[in-house]
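Residue-level listing of the chains:
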Amino acid sequence: MTPALILIGYGHVTRRFVRLLDESRAALAALDVHPVIVGVATRRHGRVFDGRGIDAASIADRLVASAAPQRSAADFITDALTALRAVPALTPVIIEATTLDVVDGEPATSHVRAALAGGAHVITANKGPVAFAYRELAAQAEAASRSFLFEGAVMDGIPLFNLVRETMPTVTVRGFRGVVNSTTNFVLTALERGEPFDEALARMQADGIAEADVSLDVDGWDAAAKTAALANVLLGAQTTPHDVAREGIGVETGARAVAARGRGRRLKLVATGSGQGASVSLRVRLEELADDDPLAALEGQANAIELDTWPLGHMVMTQRNGGLEITAYALLSDLVTVSKRAATARSSR
Ligand SMILES: NC(=O)c1ccc[n+]([C@@H]2O[C@H](COP(=O)([O-])OP(=O)(O)OC[C@H]3O[C@@H](n4cnc5c(N)ncnc54)[C@H](OP(=O)(O)O)[C@@H]3O)[C@@H](O)[C@H]2O)c1
């Protein structure tokens, strides 16, 4: 099957995804997945659409050559999907990886709506749509018999949503707690060693791990968006990041981190969710953890999440090394899921 990929956003994550597609071409072909890139849209760095396919190596040149956008990316999606209708052999898939917005999850949520309305499957690494509009978008996807997948939104590419969706039928998730923001965990670990706050943060920015607006990491907004996303998907809630009691880190956190370490404890930014549906309780808070707590052992960019489930009890997933490659893998694994589902749907028609 031939997914026709339209990339909305061509930043750190999407560029790494394009390389990973190339590196994984043989493995994908073995699964009968033969993706072609047909469109790319950015905010200020150009757009390109070519239904015949765009060579990955030429994307940067063709983007620069294209005119500054007059229309929104949602309109670009609608136009591209209309053009692709003439080629039924292609299965349109929108890859949404624009900048996180914690005011209202826009324009990413509108990109997802436009994609589903135009008949495409949607894969996103952006927390915004899941954190602000999961229920609406999941319903829209189901009504259109399309997939809406977002494995990269939390814990990069570690298969958390996949694990629950595909391997835990009938299980109830009663709550979760985790360290879900790589940038703040990296900075906290550096502060414990007495390193300067700004230098540690600059390293995360240079590596493309921090959000484009780094205050979203340090003020706890990224973790709050992930907390809302987890609650919406796993606890059946209908929350937004604004429903999460939130705390961040700052230069002054250094003294607390060093003092906690001196007592044999670790200071961590912990995201917690409990309850079900309308009665969930959500927070992101600095907590001093005993050293035998699985979250206390996390160094540098590491993340972990503990699920409280029935009947499986407590389980912990740890991601020791975060990074762009892992987020790119989340997009790739979602692409394989979309392809498998589309192939099954075709064969049952
Ligand atoms: N970086 C990570 O490690 C990581 C991990 C997990 C999830 N994520 C999520 O993945 C997403 C992308 O992250 P990133 O690091 O790749 O960000 P990035 O490097 O800042 O790239 C963002 C891209 O989105 C484009 N964009 C922004 N607003 C747009 C709009 N309205 N219409 C069209 N394009 C728009 C930007 O275009 P311009 O360049 O023209 O402004 C840029 O190409 C974010 O939502 C982030 O939270 C990132």
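Quick note: structure is the one above.
The structure contained in this document is the topic of the report that follows.

### Concerning the packing of helix α1 (residues 12-23) against helix α13 (residues 324-347)
Turning to step 1, where the next piece is worked out: Relative to each other, α1 and α13 sit at 65°, their axes nearing to 8 Å. As α1 packs across α13, the resulting crossing turns out to be right-handed. For the pair α1 and α13, contact is made by H12, V13, R16, F17, L20 and L21 and by L324, E325, T327, A328, Y329, L331, L332 and L335, respectively.
Turning to step 2, where the next piece is worked out: Tallied by class, residues from the contact of α1 with α13 come to 10 nonpolar, 2 polar and 2 charged.

### Describing the site of the ligand
Turning to step 1, where the next piece is worked out: Lining the immediate environment of the ligand, one finds 27 residues, of which H12, V13, R44, T98 and E211 sit closest.
Turning to step 2, where the next piece is worked out: At a separation of 3.0 Å, an oxygen atom of the ligand approaches a polar side-chain atom of R43.
Turning to step 3, where the next piece is worked out: In isolation the ligand offers 910 Å² of accessible surface; the protein chains occlude 89% of this area.
Turning to step 4, where the next piece is worked out: Elements represented by at least two residues in the shell around the ligand include exactly α1 and α13.
Turning to step 5, where the next piece is worked out: Looking at the shell around the ligand residue by residue, the class counts come to 11 nonpolar, 11 polar and 5 charged.

### What about the sheet that holds strand β1 (residues 2-8)?
Turning to step 1, where the next piece is worked out: Strand order in the open sheet formed by 6 strands is β3-β2-β1-β4-β5-β6, and the pairing between neighbours is mixed. A strand with exactly one partner marks an edge of an open sheet, and here the two such strands are β3 (47-49) and β6 (148-149).
Turning to step 2, where the next piece is worked out: Across 5 bridges, β1 lies against strand β2 (residues 36-41) in parallel orientation. Among the inter-strand pairings, I8 is bridged to a residue of β2, identified as A41.
Turning to step 3, where the next piece is worked out: Lying over the sheet, α1 contacts β1, β2 and β4 (90-96), oriented at roughly 160° with respect to β1.

### Points about the environment of L163
Turning to step 1, where the next piece is worked out: With respect to the helices and strands, the residue L163 is situated in helix α7 (residues 160-167).
Turning to step 2, where the next piece is worked out: Accessibility expressed as a relative area gives 25% for L163, which makes it partly exposed.
Turning to step 3, where the next piece is worked out: With sequence-adjacent residues up to four places away left out, L163 is seen in contact with M168, M315 and M317.

### What to know about the layout of surface pockets
Turning to step 1, where the next piece is worked out: Considering only enclosed or pocket space, the second largest pocket measures out at about 440 Å³ in volume.
Turning to step 2, where the next piece is worked out: Forming the walls of the second largest pocket are 19 residues, and the residues nearest its centre are T91, P92, G119, H121 and R146.
Turning to step 3, where the next piece is worked out: Among the elements of the structure, α4 (73-84), β4 and α13 are those that each provide at least two residues to the lining of the second largest pocket.
Turning to step 4, where the next piece is worked out: Per element, the largest residue contribution to the lining of the second largest pocket is 4 residues, and it comes from α13.
Turning to step 5, where the next piece is worked out: Classifying every residue of the lining of the second largest pocket by side-chain character gives 8 nonpolar, 6 polar and 5 charged.

### Some thoughts on empty space enclosed by the protein
Turning to step 1, where the next piece is worked out: In total, this model carries 1 cavity of 30 Å³ or more according to the counting rule given.
Turning to step 2, where the next piece is worked out: Space inside the largest cavity adds up to approximately 50 Å³.
Turning to step 3, where the next piece is worked out: Looking at the largest cavity, the residues that line it are V179, V180, N181, T184, N185, A223, L269, V270, A271 and V284.
Turning to step 4, where the next piece is worked out: Within the residue set of the lining of the largest cavity, elements represented by two or more residues are α8 (182-192) and β9 (265-274).
Turning to step 5, where the next piece is worked out: Of all the elements, β9 adds the most residues to the lining of the largest cavity, at 3 residues.
Turning to step 6, where the next piece is worked out: Taken together, the residues that form the lining of the largest cavity break down as 7 nonpolar, 3 polar and no charged.

### So, the sheet that holds strand β8 (residues 245-246)
Turning to step 1, where the next piece is worked out: Pairing within the open sheet is mixed, and its 6 strands lie in the order β8-β10-β9-β7-β11-β12. Both outer strands of the open sheet, β8 and β12 (313-319), are each paired with one neighbouring strand and no more.
Turning to step 2, where the next piece is worked out: Judged from the 10 bridges that link them, β9 and strand β10 (residues 281-290) form a sheet pairing that is antiparallel. Opposite V270, over in β10, you have R285 as the bridge partner.
Turning to step 3, where the next piece is worked out: In this fold α8 packs onto β7 (172-179), β9, β10 and β11 (303-310), with an angle of close to 160° to the strand it touches most, β9.

### Details of the pattern of salt bridges
Turning to step 1, where the next piece is worked out: A complete count under the given rule lists 26 salt bridges for this structure.
Turning to step 2, where the next piece is worked out: Across the salt bridge formed by R203 and D207, the nearest N and O atoms sit 3.4 Å from each other.
Turning to step 3, where the next piece is worked out: A relative accessible area of 45% means that R203 is categorised as partly exposed.
Turning to step 4, where the next piece is worked out: When its relative accessible area of 33% is taken as the criterion, D207 is described as partly exposed.
Turning to step 5, where the next piece is worked out: Here E288 and R265 are joined by a salt bridge, their closest N and O atoms 3.2 Å apart. On the criterion of sequence distance, the pair formed by E288 in strand β10 and R265 in strand β9 is long-range, its members being 23 residues apart.
Turning to step 6, where the next piece is worked out: Classification of E288 as partly exposed rests on a relative accessible area of 31%.

Definitions and cut-offs
- Residues numbered from 1 in each chain as written.
- Predicted model: local features only at pLDDT ≥ 70, side-chain atom pairs only at ≥ 80, totals over all residues.
- Heavy atoms only, no water.
- Axes fitted to C-alpha atoms, helices over the stretch in contact; angles between N-to-C directions.
- Helix = DSSP H or I, 4+ residues; strand = E, 2+ residues; numbered from the N terminus.
- Left-handed = near helix turned anticlockwise from the far one by under 90°.
- Contact = heavy atoms within 4.5 Å.
- Nonpolar A, V, L, I, M, F, W, Y, C, P; charged D, E, K, R; others polar.
- Near = heavy atom within 4 Å.
- Polar contact = N/O pair within 3.5 Å; in protein donor to acceptor, adjacent residues only side chain to side chain.
- Areas by Shrake-Rupley, 256 points an atom, 1.4 Å probe, with all protein chains shown as cover.
- Pairing = 2+ DSSP bridges.
- Buried < 20%, exposed > 50% of the residue type's maximum accessible area, 1.4 Å probe, protein only.
- 1 Å grid on protein atoms, 1.4 Å probe; cavity = no way out; pocket = protein on both sides within 12 Å on 5 of 7 lines; lining within 4 Å.
- Points joined across faces, edges and corners; volume = space filled by probe spheres on them.
- Salt bridge = Lys/Arg side-chain N within 4 Å of Asp/Glu carboxyl O.

Distances and angles like these do not, on their own, reveal function.
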